[in-house]
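Listed below are the residues making up each chain.
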Amino acid sequence: MNDVVISVRELTKRFGDFIAVNRISFDVPRGEIFGFLGANGAGKTTAMRMLCGLSYPSAGSGTVAGYDIRCESERIKRCIGYMSQRFSLYNDLTVRENMLLFAGIYGLSRREALAGSERMLGKLDFVSEGDTLVGSLPLGWKQKLSFAIATLHSPEVVFLDEPTGGVDPVTRRQFWEMIYEAASQGTTIFVTTHYMDEAEYCSRVSVMVDGEIRALDTPARLKQQYAANSMDEVFRILARGAKRGE
Amino acid sequence: MEAIEIYDISKSFGPVHALESVSFTVRAGELFGLIGPDGAGKTTLFRLLTTLLIPDRGTARVGGYDIVADYRAIRSCVGYMPGRFSLYPDLTVEENLNFFAALFGVTVAQSYNLVAPIYRQIEPFKNRRAGKLSGGMKQKLALSCALIHRPQILFLDEPTTGVDAVSRSEFWNMLSDLRQRGITILVSTPYMDEASRCDRIALCNEGRIMGIDTPRGIVHQYDTELYAVRAHNMYALLEEARKVEGVDACYPFGEAHHLVAGLGFDSGHFAERLGFLDGLHIEPVAPTIEDVFIKLMKR
């Protein structure tokens, strides 16, 4: 077990002449909530896809949970969780069926999947809804369920891609408490968001502009460095210089 | 004059009550914001007002026309930008604009003055297919197309969702410019921080309107003491603060947690009780629209 869970050096992705991600380097220690910010089109999604083993780097190197992103992507997929910005559970399966399906996809045995699902239902106080179709749940619940399912197999890192878009302010905060809790138990969180108040909740924040990481530090130190009152201001100062759109 | 008048409108889809007894008016020339999360009923309301749906109960008038009886008249005097990109991806930028102009029986030249400040930003790409545009450019094209027939009233359904903070603020600048030209705008957003850009706002949740006022007026309604609390370990602070007597609620709010003081709360006592937390700090703070929203949701 290494205490650096994500480590990236000079990671680069080119699409033809276009350099989507340009030599980014950073380390994320275990249990950290790492905020990955950037304007639309800055290269966040491409970078995240490389870390998840879904896209092969053009240059540079990196490890996630100790595995090489170039040649061990299948191993990486087993020890990470992923939650996308758009709700990605199956609406026409029940809560329990979704849990079992994803547990299976993440490589848990039938027995582990069953035990894990029941444990998760209990923790969410959701046992009575186990056989409810996911499509009929309120959005806030779907969101919490997505996060629970992304962590069902006890992954070392969870990647959250704009997990709280369109969610009401109360649910959004409950969601962040789930993140805090998972992090306090040693799960590393890698999260993107457009809500700048959420950037303040992160242990450290990186800001991508035009494919490069322009800033990386704790929210407090970034605000000090840019003489800003909020992360919103820091983000504006950095992103205003962006040359490219999405 | 009122541009939009809504009287006691309800709409259900099977067992789902999308809108329940919604009433409010939007004055001519106003920039009015519908602020609420997914599932609040915002899109249903837009579809009713743009005559794409018929209400189960209640009536509404848009530009003085009834949304059921006078639907044809409404369609020619309003512009509508749906939440989903709804232009033709296989037509070019210019072809889309020409197409929408033709639908409304106008030419691009006739309306060029109105759309120019927005359209000029994408004009260098006028031969690119709309499906190949970036998110920000799609948004500008959709707004140009919604304006091409010089509507009096503009409906914008979540135009800034999923857009980064800088582009969002640029979009709101465009809306302010359109408002200056006398166009009435009804715009929805899930981002509470955008509320201050509106003349008036309605806070909505689960099919109901929870409050309507100017952004300042909404915040003024907040009648409880609110504090910002900080400590080195913010998660521990959150858990501990909720155990202290007199604390009605404590929730993360940017770099601090907001603490809603209830009966018997005393900040000195609070600081003493949680003195074991390193770096503990508590101070009164002015509420924001989001604090009001959270409070209204708990009712």
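Note that the structure is a prediction, hence the values are computed from the model and not measured.

(A) Region of the structure containing the overall build of chain A. Tallying secondary structure elements over chain A gives nine helices and 10 strands in all. Here chain A has a C-alpha radius of gyration of 18 Å; the compact-globule value for 246 residues is 18 Å, and the two agree. Projecting the C-alpha coordinates of chain A onto the three principal axes gives extents of approximately 50 × 40 × 35 Å. Split into buried and exposed, the 246 residues of chain A put 48% on the buried side.

(B) View of the overall build of chain B. Per the secondary structure count, chain B includes 10 helices and 14 strands. In terms of principal-axis extent, the alpha carbons of chain B reach across some 70 × 45 × 35 Å. In chain B, buried positions account for 42% of the 299 residues. The long-range fraction of contacts in chain B, counting pairs at least 24 apart against all pairs at least 6 apart in sequence, stands at 69%.

(C) Quick peek at the sheet that holds strand β12 (residues 247-253) of chain B. All names here are of chain B. A sheet is described by the order of its strands in space; here four strands give the open sequence β12-β13-β11-β14, paired in antiparallel fashion. Whereas interior strands pair on both sides, the edge strands pair on one side only; in this sheet they are β12 and β14 (281-284). Within this sheet the neighbouring strands show an average axis-to-axis angle of 25°, counted without direction. With six bridges connecting them, β12 and strand β13 (residues 256-261) associate as antiparallel partners. Bridge pairing in β13 places Tyr-251 opposite His-258.

(D) Structural detail: the domain arrangement of chain B. Residue and element names in this part refer to chain B. Entries for chain B in the domain assignment read domain 1 (2-219) and domain 2 (226-297). One C-alpha centre belongs to domain 1, the other to domain 2; they are set 38 Å apart. Counting residues at the interface gives nine residues for domain 1, matched by eight residues for domain 2. Those elements that place two or more of their residues in the side of domain 1 that touches domain 2 are β9 (200-205), β10 (208-213) and α7 (215-220). No other element matches α7, which puts three residues into the side of domain 1 that touches domain 2. Residues of the side of domain 1 that touches domain 2, tallied by class, amount to seven nonpolar, two polar and no charged.

(E) Structural detail: the pairing of strand β2 (residues 18-29) of chain A. All names here are of chain A. Across eight bridges, the pairing between strand β1 (residues 4-15) and β2 is antiparallel. The residue bridging Lys-13 from the neighbouring strand is Val-21, located in β2. Following β1, the chain reverses through two residues before pairing antiparallel with β2; Gly-16 in that reversal takes a positive phi of roughly 65°.

(F) Seen up close, the nonpolar core. Residues Leu49(B), Phe155(B) and Ile185(B) are the most contacted members of the largest nonpolar core, which totals 79 residues. If one sorts the elements of this core by residue count, helix α5 (residues 135-147) of chain B sits on top with six residues. Both domain 1 (2-219) and domain 2 (226-297) of chain B contribute no fewer than three residues apiece to this core. Phe155(B) has contacts with Phe46(B), Leu49(B), Thr50(B), Val78(B), Gly79(B), Tyr80(B), Met81(B) and Leu186(B), leaving out every residue within four places of it along the chain. Judged by nonpolar contacts, the second largest core, of 73 residues, contains Ala20(A), Tyr106(A), Phe147(A) and Val166(B).

(G) The arrangement of the sheet that holds strand β3 (residues 31-35) of chain B in detail. All names here are of chain B. Pairing in this open sheet of six strands is mixed, and the strands run β6-β7-β8-β3-β9-β10 from one edge to the other. Strands at the two margins of the open sheet, each flanked by one partner only, are β6 (78-81) and β10. Each strand axis lies, on average, 15° off the axis of its neighbour in the sheet, ignoring direction. Of the strand pairs in this sheet, strand β7 (residues 153-156) and strand β8 (residues 184-189) are connected by four bridges, and their pairing is parallel. Following the sheet pairing, Ile-153 is matched in β8 by Thr-184.

(H) Spotlight on the packing of helix α4 (residues 108-119) of chain B against α5(B). Residue and element names in this part refer to chain B. Two numbers describe how α4 lies on α5: the axes approach to 9 Å, and their chain directions differ by 170°. On the basis of their axis angle, the class for α4 and α5 is roughly antiparallel. Taken together, the residues of α5 that come into contact with α4 (itself represented by Ser-111, Leu-114, Val-115, Ile-118 and Tyr-119) are Lys-140, Leu-143, Ser-144 and Leu-147. Of the residues belonging to the contact of α4 with α5, the class tally is six nonpolar, two polar and one charged.

(I) Layout of the interface of chain A and chain B. Across the contact, 30 residues belong to chain A and 27 residues belong to chain B. Residue assignment for the side of chain A that touches chain B shows that the elements contributing at least two residues are α6 (169-184), α7 (196-199) and α9 (231-239) of chain A. Among the elements that take part in the side of chain A that touches chain B, α6(A) stands out by supplying six residues, more than any other. Grouping the constituent residues of the side of chain A that touches chain B by class yields 13 nonpolar, eight polar and nine charged.

Conventions adopted
- Residues numbered from 1 in each chain as written.
- Chains lettered and ligands numbered in written order.
- Predicted model: local features only at pLDDT ≥ 70, side-chain atom pairs only at ≥ 80, totals over all residues.
- Helix = DSSP H or I, 4+ residues; strand = E, 2+ residues; numbered from the N terminus.
- Rg over C-alpha atoms; globule rule 2.2 N^0.38 Å.
- Buried ≥ 20, exposed ≤ 12 C-beta atoms within 10 Å, placed from the backbone.
- Contact = placed C-beta atoms within 7 Å.
- Pairing = 2+ DSSP bridges.
- Axes fitted to C-alpha atoms, helices over the stretch in contact; angles between N-to-C directions.
- Domains from an automatic or database assignment.
- Nonpolar A, V, L, I, M, F, W, Y, C, P; charged D, E, K, R; others polar.
- Core = buried A, V, L, I, M, F, W, Y, C linked by C-beta atoms within 7 Å.
- Parallel < 35°, antiparallel > 145°, perpendicular 65-115°, else oblique.

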